[in-house]
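Inside the fold
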Protein chains: 2
Amino acid sequence: MPEDRAPTRIQKKNRAAILDAALNVFSAHGFRGATVDQIAAEAGLSKPNLLYYFPSKEAIHTALLSGLLDTWLAPLHDLDAQGDPMEEILAYIQRKLEMSRDLPRESRLFANELVQGAPRIHDSLSNDLKALVDEKTAILSDWMDQGRIARLHPYHLIFSIWALTQHYADFDVQVRAILGDEDPYEGAEPFVDTLYRKLLTP
Amino acid sequence: MPEDRAPTRIQKKNRAAILDAALNVFSAHGFRGATVDQIAAEAGLSKPNLLYYFPSKEAIHTALLSGLLDTWLAPLHDLDAQGDPMEEILAYIQRKLEMSRDLPRESRLFANELVQGAPRIHDSLSNDLKALVDEKTAILSDWMDQGRIARLHPYHLIFSIWALTQHYADFDVQVRAILGDEDPYEGAEPFVDTLYRKLLTP
DNA sequence: TCTTGATTTGACCATCTGGTCAAACTCACG
DNA sequence: CGTGAGTTTGACCAGATGGTCAAATCAAGA
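Report follows, based on the coordinates. Keep in mind it's a predicted model, so treat the numbers as computed, not measured.

A short note on helix α8 (residues 154-170) of chain A
Here α8 of chain A is 17 residues long and its end C-alpha atoms lie 24 Å apart, about the 24 Å a rise of 1.5 Å per residue gives. Of all 17 residues that make up α8 of chain A, 17 are buried, and the element is covered over most of its length.

Points about the protein's contact with DNA strand C
The environment of DNA strand C is made up of 21 residues, and the closest members are Thr8, Gln11, Arg32 and Tyr53 of chain A together with Lys57 of chain B. Counting only the atoms of DNA strand C within 4 Å of the protein, the fraction contributed by sugar and phosphate is 58%. Within the side chain of Asn49 of chain A, an N or O atom sits 3.1 Å from a sugar or linking oxygen of DNA strand C. A distance of 2.7 Å is found between a phosphate oxygen of DNA strand C and a side-chain nitrogen or oxygen belonging to Tyr53 of chain A. Of the residues that constitute the surface near DNA strand C, the class distribution is nine nonpolar, seven polar and five charged.

A short note on unusual backbone geometry
Look at Ala118 of chain A: it is not a glycine, yet its phi comes out positive at around 50°. With respect to the helices and strands, Ala118 of chain A occurs in the loop between α6 (104-115) and α7 (122-145).

Brief notes about the protein's contact with DNA strand D
Around DNA strand D, the structure places 21 residues, and the nearest of them are Lys47 of chain A together with Thr8, Gln11, Arg32 and Tyr53 of chain B. Among the atoms of DNA strand D close to the protein, meaning within 4 Å, 60% are from sugar or phosphate groups. Residue Ser46 of chain B places a side-chain N or O atom 3.2 Å away from a phosphate oxygen belonging to DNA strand D. Looking at the surface near DNA strand D, the elements with two or more residues in it are α3 (47-53) of chain A together with α1 (9-33) and α3 (47-53) of chain B. Partitioned by chemical class, the residues of the surface near DNA strand D number nine nonpolar, seven polar and five charged.

Definitions and limits used
Residues numbered from 1 in each chain as written. Chains lettered and ligands numbered in written order. Predicted model: local features only at pLDDT ≥ 70, side-chain atom pairs only at ≥ 80, totals over all residues. Heavy atoms only, no water. Helix = DSSP H or I, 4+ residues; strand = E, 2+ residues; numbered from the N terminus. Expected span 1.5 Å × (residues − 1). Buried < 20%, exposed > 50% of the residue type's maximum accessible area, 1.4 Å probe, protein only. Near = heavy atom within 4 Å. Polar contact = N/O pair within 3.5 Å; in protein donor to acceptor, adjacent residues only side chain to side chain. Nonpolar A, V, L, I, M, F, W, Y, C, P; charged D, E, K, R; others polar.

The structure is reproduced here in structure tokens:
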């Protein structure tokens, strides 16, 4: 496939269909558990046709992960040092919870990768992710120094937010097995709000 | 292999070696990502020899999961209605955190299974797990009714404990990518302790 | 319309993988 | 020892899977 020319109408459509199908399949079965045939079928293409757009299974996976990393980190990016600390953090948590609800496939894609040792995104973690987290924990530390929120280990505060919010997407089956018909997010939202309000109040 | 007779010395040794090797491999690569050859090699056996002890890859996985489920739920089982609420809950959290630290392979084994929709343990979730959680949330609700701990959604309280504690085992790579040399559990322990103390104080 | 590059496909291949089997070997016990 | 049950293995198989390729089909601009 010509890489240098501007993408044609068909290229755009098929590339998008492949990535969407791949997101379905990779997030549900992990990298190894996904098959190219399955992705191709879900995208409405034959396997050789799919491999006309991406050189390999690995390439699809990589394209997905790097394409979604920004989306995934956007909520933290928006945490604003100028805003009110409690409002900023609660809004961040709110956004993360919404992402869990609205983009569960993305959450599980990353979860699959991380739980297996992140063989394909190890670098992004130690570089991009670490840099962003360092930047934002510095803000949290400032707020703590100023006595505007309770003093806590800022890294673990971030971890707790990730753990709590992504749990609902990543372990959805377990949550639903226990809650039955109840909508997980209806209870989760006030719960995490209360939790962090209590935790962060100095 | 003779199933009915009492297991010989060799059977005990090899079955144990296989299950240990399988725990390594399944927890690191998921069911589909694990190969029988890999498990056999790690157990120090040839593939046909391994299949002399377990009829199939699936059987090893099932044996592992059901054998470990009790271990995994033991900390919650120990939550005692007669004890002091705050102490009981904090002790439960402590036990869960220790399990994350000491049995990360087991945590990741379950995480792998859950994130992919728990195709092989769906029943255990809706039966055993749900029953246990229902029993223990009833205790939590009583404590809340008596005003001994803050009123919260009891299911989400449990979820939050699972999420927070298992996060350190399941997403170990991510945690370490951010913390660098710092021991995750050194910071995690006081953090979760503070968190739940603040959250549960009425 | 015609041409050329873009797109699609059927047939094919090499490798991996779960699993089988008969034959060989080893161990415990009378 | 000897013997029968328990254990191990090399050779093998069928199906799945990632990937290739030449040929056929299609789309759009000149």
